[in-house]
Amino acid sequence: MPQKEKSRALDTSDELIAERRAEIPGHTPDDMQPLFRLIVGKIDILNHWVGKITCLLLIPVIASMVYEVVARKLFIAPTDWAYDTSRMFSGAMFMLGAGYALMRGVHIRADFLYRNWSQQAQAMTDATLYLLFYFPAMLFFFWVSMEYTIKAWMTWERSMDTTLMAPLAPARSAMPLGTLFLLLQGIAELIRCLYLMDKKVRHRIIRLLPIYVLILSFIFINSFFPIHFINDFFHSNFLESYKLSPPIIGILMIAVMLLAIFVGFPISFTLIFLGFVFGAWGFGGELVFFLQTLQFNNVMLEQTLAAVPLFVFMGIMMEQAGLMERLFTSVQLMLSRTRGALFLAVLFVSTIFAAATGIVGASVTILGIMAAKTMNRSRYDVRLAAGTITAGGTLGILIPPSIMLVVMGPVLEVPVTDLFAAAIIPGIMLASMYALYALVRCWLDPGLGPILSLEDQPKTSSYYWLEALLVIGAILILFTLIILGLSGSLEGYFPFSSIFLPLTWMAVMYVSSVWVKKKKPIGFFFSDLWYEFFMGLVPPAALVAFALGSILFGWATPTEGAGCGAFGALLLTIAYRRFNLNLFYEALIKTLEISVLILFLVAASNFFGAVFSRLGTPMMLTDFMLTWELSVTMVLIIIMALIFILGWPLEWVPIVLIIIPILIPTLVNFDVNLTWFGILVAVNLQTAWLSPPVALSAYFLKGVVPDWDLKDIYYGMMQFMVIQLFGLGLIFWFPQIALWLPEYIYAK
């Protein structure tokens, strides 16, 4: 949405939200017409309060998932209501919050061209697309979803896939309500566009609005209450003259979609409108209307997708706990006598917090704030420093529990647990390759990463390396016990042995450290930095290990594991005394914004994909590919090249939700392992994050380290992009890098 420059603010809390509207809800420019000010202000305030209330729906989702896990595992008393509660509340949350997200300007758009246009060009483009795309799509959706919901209330329809058989009408009511809030907010956004236009153009559009309303009303009425002689005339004189087969209509649909997306309008609404138009053209209006409602209803009730807001909330709370800064400080001091210590510290911390947050923008920003100043003071090479920060930050979209993998699972029809297990070794491999590259560069040229100065080095005993071996070894044993406990390998020794043994080892570690610090045998003592290292590493890593391990080893579903992780992150924030109600509520609001932009696009993409499939185009494309007689390897190389190129202008969300479903029939026909393919896509998209000139990581880093030249940041990123491509090649030629761990876990 175009705005005055003073109201624009780059938000680095999440890479998907590049231009969250910074102005106060309800605030309007003083020179806007009084009636327009009144309308925009009231609508903004309405959706603002809807968002503030809707975000609270996340609390019962977390509570129900934690209660379900505790009741089932500890008391062997699974609930009937937790499953339905989590999916219905999370589904209602993203639908009801859609208007709020539009008001805050967070619906995702491919704006790499759009943001370079003049303010008036942006306003004219948006106004045109609101009138052509947005209002027709939302009006039709509102009517059909209202009919769907009224029938659910009248028949008191119940879910048939659970023993509880919960009523569906309350959750389905979120569809027409959410669409109504979107329609109202669309009016406010159109008025904002008109305000930013040239006065003559604005008056001309306002005079044409009554004609637009009449035409839209006629199309709407004729769609649901057909006027047969008009339809017959239109069909015989126009449609018959330009009759195309449904698969060809699908090809046109894709071409128009790519053009429309790159214009810069919010992608979700573009897909909904195109699905309506081309679906009605290809197989009739009535069917396509109900197809959209069905797809949105399916996304609302998809329990796996309820993990998205839970993992987002977990990452935001971990960020607020301040553990990342604590861990970075301790690791850089621990490695202070090593060349390139800060490079290793950045990569170690980014790997741990990639699993904890999964938010690239936040990771790059915080790493830049923490590391850049020390790197500059220690005369580290700027290019290598920028490369390690941006490359380490991008690990968040690959290392589980990655939000992208949660979304990708249902798209590929692959269990999310398989994708999580398959991503672990590639993620660790890439982080290790980054670290090895930085160390080799520093060994060849010590000036790239000098040893820290004496005043920056910590006070330690003369047995420093013994300290390191004991502490790191003890921590590795602790995590081994945690993983063995989660996998069930520690069961059977005595009651609750899976819980008791890790806790006992933690007690041994604590008592030993206190005794050594007090007695200092033969002058040996543990430096204070090890306490900071332990407190920065173990809590977040243990939380991630528990959340991820419970999912991988079958203790919990992805949504249950995410719920426990979110609750654990909340407890950590309280334990580290960083919790307050304002930050908690801010985390809920931010979770709502990120979840809406992802899940609403999931629903819109599913609708678009359903129309595309119904037209028969995927099968036509598959047959076309088969006529080329290409090998599977060549087909995959072409697909990977396409995804890499699209990764420059587009975020991962539209690529995963729009492009990948189009390719699935071809992949299935070639018998490609979709778990392996999903990891290839994830690594490929991570590579695109490091590809200038569009990569947002560079701009996030430049924003917090303004004295680093953008050219140097680009050079640094490109070094690691080459490493990333090499890693992608390894996974491509040796699929077992991704497939060994899931096969090992689930074979056992």
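Whatever comes next refers back to the structure up there.
Residues numbered from 1 in each chain as written. Predicted model: local features only at pLDDT ≥ 70, side-chain atom pairs only at ≥ 80, totals over all residues. Heavy atoms only, no water.

Draft legend 1. Focus on the overall build of the chain. Counting secondary structure elements, the chain contains 31 helices and zero strands. Pairs at least 24 residues apart make up 81% of the contacts formed inside the chain by residues separated by at least 6 positions. (Helix = DSSP H or I, 4+ residues; strand = E, 2+ residues; numbered from the N terminus. Contact = heavy atoms within 4.5 Å.)

Draft legend 2. Highlighting the packing of helix α26 (residues 632-646) against helix α27 (residues 652-669). Where α26 meets α27, the axes come as close as 12 Å, and the angle between the chain directions of the two elements is 170°. Considering the angle they form, α26 stands roughly antiparallel to α27. Taken together, the residues of α27 that come into contact with α26 (itself represented by Val635, Leu636, Ile639, Ile643 and Leu646) are Ile655, Ile659, Ile660, Leu663, Thr666 and Leu667. Residues belonging to the contact of α26 with α27 are distributed by class as follows: ten nonpolar, one polar and no charged. (Axes fitted to C-alpha atoms, helices over the stretch in contact; angles between N-to-C directions. Parallel < 35°, antiparallel > 145°, perpendicular 65-115°, else oblique. Nonpolar A, V, L, I, M, F, W, Y, C, P; charged D, E, K, R; others polar.)

Draft legend 3. Highlighting the pattern of salt bridges. A complete count under the given rule lists seven salt bridges for this structure. A salt bridge links Glu157 to Arg172; its shortest N-O distance comes to 2.5 Å. Here Glu157 is found in the loop between α5 (119-155) and α6 (169-172), whereas its partner Arg172 is found in helix α6, with 15 residues between them in sequence. Arg192 is the salt-bridge partner of Glu189, the closest N and O atoms lying 3.0 Å from each other. Here Glu189 pairs with Arg192, and both are found in helix α7 (residues 174-196), just three residues apart, close to one helical turn. The burial state of Glu189 is the same as that of Arg192; both residues are buried. The network of salt bridges with common partners includes Asp44, Glu189 and Arg192. (Salt bridge = Lys/Arg side-chain N within 4 Å of Asp/Glu carboxyl O. Buried < 20%, exposed > 50% of the residue type's maximum accessible area, 1.4 Å probe, protein only.)

Draft legend 4. Structural context of the packing of aromatic side chains. Summed over the entire model, instances satisfying the criterion amount to 27 aromatic pairs. Here the aromatic rings of Tyr130 and Phe265 are separated by 5.0 Å at their centres, their planes lie at 85°, and the arrangement is edge-to-face. Within this pair, whereas Tyr130 is found in helix α5, its partner Phe265 is found in the loop between α10 (246-263) and α11 (267-283), the two being separated by 135 residues in sequence. Here Phe278 and Trp281 contribute two aromatic rings whose centre-to-centre distance is 6.0 Å and whose plane-to-plane angle is 35°, an arrangement assigned as tilted. (Phe/Tyr/Trp six-rings, centres within 6.5 Å; stacked < 30°, edge-to-face > 60°.)

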